[in-house]
Amino acid sequence: MIISITDEGFGIPERNHKKVFDRFVQLDTGIRKRHKGHGLGLSITKALIEMLDGTVTLTGAEGKGCVFTASIAELGTDRAVDVTSGNGNEFIFEGGTRF
């Protein structure tokens, strides 16, 4: 399954393409930032897609909008996927702070 989402917004400079998938990262900061939020949406999306052995990519350039593409392979019937968590959200935030 492949899902692509395209926007025609401000775009993201190529040097920040990997950075936007980090937790609590927002490129627009300070008291005059244009967007609300905490910088978690893309990191959670990436973690969930990767948990299903998929990938999320970002293409685009500053001033030209972005394309986010999520790709998930078809699961065979002989393969089990464990997405449960016994203690909070560690399956989403593995290796980092646990909430």
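Please read these numbers as outputs of a predicted model, since none were measured by experiment.

Peer 1: Is there a simple way to think about the confidence of the model for the protein in this case?
Peer 2: Predicted coordinates in regions of low pLDDT should not be interpreted in detail. In this model, the protein carries a mean pLDDT of 76, and residues with pLDDT of at least 70 account for 66%. The least confident element of the protein is helix α1 (residues 41-51), whose mean pLDDT is 90; the most confident is strand β3 (residues 66-71), at 94. Every residue in residues 93-99 scores below 50 in pLDDT, and together they form 10 contacts with partners more than four places removed in sequence or on other chains.

Peer 1: Just checking my understanding: could you explain α1 for this structure?
Peer 2: Residues lying three or four places apart along an α-helix face the same way, a consequence of the helix completing one turn every 3.6 residues. Listed in full, the buried residues belonging to α1 are Ser43, Ala47 and Ile49. The arc that holds every buried residue of α1, seen down its axis, measures 165°, which confines them to one face. Considering only its buried residues, α1 is in contact with β2 (55-60) and β3. A positive backbone phi angle near 60° is found at Asp53, which sits one or two residues after α1.

Peer 1: I tried to follow a nonpolar patch on the surface on my own but got confused; where do I start?
Peer 2: A surface patch of nonpolar side chains, about 320 Å² in accessible area, is lined by Met1, Ile3 and Ile5. By the secondary structure assignment, Ile3 is in strand β1 (residues 2-7). Judged by relative accessible area, Ile3 falls into the partly exposed class, the value being 41%.

Peer 1: Whenever I open this one, unusual backbone geometry confuses me. Can you help?
Peer 2: Its identity is not glycine, yet Asp53 carries a phi of approximately 60°, on the positive side. Locating Asp53 in the fold gives a position in the loop between α1 and β2. Asp53 gets classed as partly exposed once you look at its relative accessible area, which sits at 47%.

What counts and how
- Residues numbered from 1 in each chain as written.
- Predicted model: local features only at pLDDT ≥ 70, side-chain atom pairs only at ≥ 80, totals over all residues.
- Heavy atoms only, no water.
- pLDDT = per-residue confidence, 0-100.
- Helix = DSSP H or I, 4+ residues; strand = E, 2+ residues; numbered from the N terminus.
- Contact = heavy atoms within 4.5 Å.
- Buried < 20%, exposed > 50% of the residue type's maximum accessible area, 1.4 Å probe, protein only.
- Arc of directions from axis to C-beta.
- Patch = residues over 30% accessible without salt bridge, like charges linked within 9 Å, V, L, I, M, F, W, Y side chains within 5 Å.
- Areas by Shrake-Rupley, 256 points an atom, 1.4 Å probe, with all protein chains shown as cover.
- Salt bridge = Lys/Arg side-chain N within 4 Å of Asp/Glu carboxyl O.

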